[in-house]
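Letter by letter, the chains look like this.
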Amino acid sequence: MSCRDIAHVFSKLSTPLVADACLRLKQPLRVAPVTVHPLVAGTRIAGRVLPARHYGSVDIFLEAMTAAKPGDILVIDNGGRTDEACIGDLTVLETKASGLRGLIVWGCHRDTPELLRIGFPVFSQGTCPVGPQRLDPREPEALISARFGGFSVTRQDTVFADDDGVIFTPSKNTGEILSVAQAIAKAERAQAKAIPTGEKLRDQLHFDEYLKKRSADSSYTFRKHLRAIGGEIEE
């Protein structure tokens, strides 16, 4: 799928739905540290990962952007540091001008009022007024992969981000994952719509039947029951 198609489909979904689809398909996914949040609530982006590791200078970001394709998302590895901000208004303006869809940082940002005025999607661990006071040696993998928490991501990965968090999946699985996420969303919307009309979720999911079967067979789990009836609450 193209970055444009991924973003369009995801605009009507969420990271929980994508995560549930991965669970159902038994596809790998990696979840960013829960400290990473959008600068503006309600921000939702998806696209191919453009990785960059930060060593104290913005030149690494500028170099990464020379290889960017429209709709990419710049994913910055600053080691989760909270003692410095590795991006500010100029980096964000350049990212926007380069045709990228957003910017996700395992680290901090600054120039918050300016970033809000720019209105470009930014996810980070928060703010820090101090810029880098260091210049570390550059690694060979500087533009090949970005560490994010306890894992690494590359250009072979797709990132999904919203108010609930940031998750990464292999790009080769994106179409299948989004298709299943759409099916889950459709079923859940139908279930949610039925509850106010008097059809409780327990009734929709035949919960009494589940309890009886579990009583007779301790190996009969709720997830087995949901698969049997086509329920969506956990899968």
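Above this text sits the structure in question.
Residues numbered from 1 in each chain as written. Predicted model: local features only at pLDDT ≥ 70, side-chain atom pairs only at ≥ 80, totals over all residues. Heavy atoms only, no water.

Engineer: Just give me the short version of the sheet that holds strand 2 (residues 37–38), but keep the residues and values in it.
Structural biologist: Where strands meet in a sheet, backbone hydrogen bonds hold them as pairs that are either parallel or antiparallel. One open sheet accounts for 8 strands, arranged 1-12-11-3-4-6-8-2; its pairing is mixed. With one partner strand each, in any of the chains shown, strand 1 (30–31) and strand 2 form the two edges of the open sheet. Both strand 6 (residues 102–106) and strand 8 (residues 122–124) contribute to a ladder of 2 bridges, which runs parallel. If you follow Ile104 over to strand 8, its bridge partner there is Phe123. Packing against the sheet, helix 1 (residues 3–10) makes contact with strand 3 (45–53) and strand 11 (157–162), and its axis sits at approximately 125° to strand 3. (Pairing = 2+ DSSP bridges. Helix = DSSP H or I, 4+ residues; strand = E, 2+ residues; numbered from the N terminus. Contact = heavy atoms within 4.5 Å. Axes fitted to C-alpha atoms, helices over the stretch in contact; angles between N-to-C directions.)

Engineer: I'd like a rundown of the side chain of Asp162, residues and numbers included.
Structural biologist: Locating Asp162 in the fold gives a position in strand 11. One buried charge, Asp162, has no salt-bridge partner; the nearest side chain with opposite charge is Arg44, at 4.5 Å. Side-chain polar atoms of Asp162 contact the backbone nitrogen of Asp164, separated by 2.9 Å. Among all residues touching Asp162, those that are not within four sequence positions of it are Phe10, Ser14, Thr15, Pro16, Pro38, Thr43, Arg44 and Phe123. (Buried < 20%, exposed > 50% of the residue type's maximum accessible area, 1.4 Å probe, protein only. Lys, Arg positive; Asp, Glu negative; His and termini not counted. Salt bridge = Lys/Arg side-chain N within 4 Å of Asp/Glu carboxyl O. Polar contact = N/O pair within 3.5 Å; in protein donor to acceptor, adjacent residues only side chain to side chain.)

Engineer: Help me get a handle on the packing of aromatic side chains, residues and values and all.
Structural biologist: Applying the stated criterion to the full structure yields 8 aromatic pairs. Aromatic side chains Phe207 and Phe222 sit 5.8 Å apart centroid to centroid with 80° between the ring planes, which places their arrangement in the edge-to-face category. Separated by 15 residues along the polypeptide, Phe207 in helix 8 (residues 207–216) and Phe222 in helix 9 (residues 222–229) bring together distant segments of the chain. In this structure Phe207 comes out as partly exposed when scored by relative accessible area, which is 26%. Classification of Phe222 by relative accessible area gives buried; the value is 17%. (Phe/Tyr/Trp six-rings, centres within 6.5 Å; stacked < 30°, edge-to-face > 60°.)

Engineer: Lay out the pattern of salt bridges with the relevant residues and their values.
Structural biologist: Summed over all chains, the structure comprises 13 salt bridges. The closest approach of N and O atoms between Arg147 and Asp77, which form a salt bridge, is 2.8 Å. One end of the pair, Arg147, is in strand 9 (residues 146–148); the other, Asp77, is in strand 4 (residues 73–77), and 70 residues separate them in sequence. You can call Asp77 buried: its relative accessible area is 2%. With a closest N to O distance of 3.2 Å, Glu209 and Lys213 form a salt bridge. Highlighted residues: Glu209 and Lys213, both in helix 8, separated by 4 residues, approximately one helical turn. One network of salt bridges, in which partners are shared, links Arg81, Asp83, Glu84, Arg134 and Asp136.

Engineer: Explain the pairing of strand 4 to me, using residue names and the numbers behind them.
Structural biologist: A large share of strand 4 lies buried, amounting to 5 of its 5 residues. Here strand 4 shows two buried faces, one formed by Ile73, Val75 and Asp77 and the other by Leu74 and Ile76. In terms of strand pairing, strand 3 meets strand 4 through 5 bridges, oriented parallel. Bridge pairing in strand 4 links Leu50 to Leu74. Crossover strand 3 to strand 4 through helix 3 (residues 59–65) is right-handed. (Right-handed = clockwise from strand over helix to strand, strands pointing away.)

Engineer: Break down the packing of helix 2 (residues 15–25) against helix 6 (residues 174–194) for me, with residues and values.
Structural biologist: The axes of two packed helices give the description: the angle between them and the distance between them. Helix 6 packs onto helix 2 with a crossing angle of 110° between their chain directions and a minimal axis gap of 8 Å. Classified by the angle between their axes, helix 2 and helix 6 sit roughly perpendicular to one another. Where helix 2 crosses over helix 6, the handedness of that crossing is right-handed. Note on element contacts: helix 6 touches helix 2 through Glu176, Ile177, Leu178, Val180, Ala181, Ile184, Ala185 and Glu188, opposite Leu17, Val18, Asp20, Ala21, Cys22, Arg24 and Leu25. Of the residues in the contact of helix 2 with helix 6, the class split is 11 nonpolar, no polar and 4 charged. (Parallel < 35°, antiparallel > 145°, perpendicular 65-115°, else oblique. Left-handed = near helix turned anticlockwise from the far one by under 90°. Nonpolar A, V, L, I, M, F, W, Y, C, P; charged D, E, K, R; others polar.)

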